[in-house]
Amino acid sequence: MPQRYSLTARLFHWGMAAIIIPVWMIGFSAGRLLPRGPSPLKGELLSIHKEIASTVIILVVLRMAWRATHRPPALPDSVPEEQRIAARVLQGCLYLLMLSTPLTGWLMTSAHGAPVQMLWIVHLPALIQKTPLLAPTLGVLHQFSAWILGVLIAGHIVAALLHRFSKRDQVMEMML
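Residues numbered from 1 in each chain as written. Predicted model: local features only at pLDDT ≥ 70, side-chain atom pairs only at ≥ 80, totals over all residues. Heavy atoms only, no water.

Per an unreviewed UniProt entry, the protein is named Cytochrome B561, and its organism is Gluconobacter frateurii NRIC 0228. Listed under Cofactor (unreviewed entry) in UniProt, the entry text for the protein is "heme b". One UniProt comment on the protein, placed under Sequence similarities (unreviewed entry), says "Belongs to the cytochrome b561 family." (UniProt positions renumbered as here; feature names shortened; annotations may be inferred.)

Next comes the structure, spelled out in structure tokens:
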């Protein structure tokens, strides 16, 4: 039987996925699927996106604290060393992007002079003063990091499924 993450680690993992994936899809829908320019629907979607995405920063910090004090299960001996290295690098990139994506969104919103709320309860302070010239650059950084994060999450899911259905090893079970 493969070694598995603890229940707490699995709850973090699944909880973050349950927040990040829908928030990513809402941001994508508002930014790419709806027509350009302001609209009530786009404004509502972006509001929901920001309200929920702002919690990701807290969850990532908590997850990183947990990870710093709790070792993950070892990969099976059948996993080659280059895949072990790739898994560690990609996990590091996922953590970096899970932190930088909401931070760049918060910075961008602050540069626009707009408020950032967390779960319709807490008003977050602006990280920078209103700076309309900087806002588009921060928007590009936010979108770029979000796209890379989306690709890495999709790759993470595909890799887990490949381990389960192609390699038929225990890696996916370890993740769940």
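Student: I would appreciate a short explanation of the nonpolar core in the present structure.
Tutor: When a protein is soluble and globular, its nonpolar side chains tend to lie buried together. In this structure, Met 16, Ile 20, Val 56, Val 60, Leu 94, Tyr 95, Leu 97, Met 98, Leu 149 and Ile 153 together form the largest nonpolar core, which totals 10 residues. Elements that contribute at least two residues to this core include exactly α1 (7-33), α2 (40-69), α3 (81-112) and α4 (135-167). Here the element with the most residues in this core is α3; it accounts for 4 residues. Apart from the residues lying within four places of it in its own chain, the contact partners of Val 56 are Ile 19, Ile 20, Met 98 and Pro 102. Residues Ile 57, Trp 106, Val 116 and Leu 124 belong to the second largest nonpolar core, which totals 5 residues. (Core = buried A, V, L, I, M, F, W, Y, C linked by side-chain atoms within 4.5 Å. Buried < 20%, exposed > 50% of the residue type's maximum accessible area, 1.4 Å probe, protein only. Helix = DSSP H or I, 4+ residues; strand = E, 2+ residues; numbered from the N terminus. Contact = heavy atoms within 4.5 Å.)

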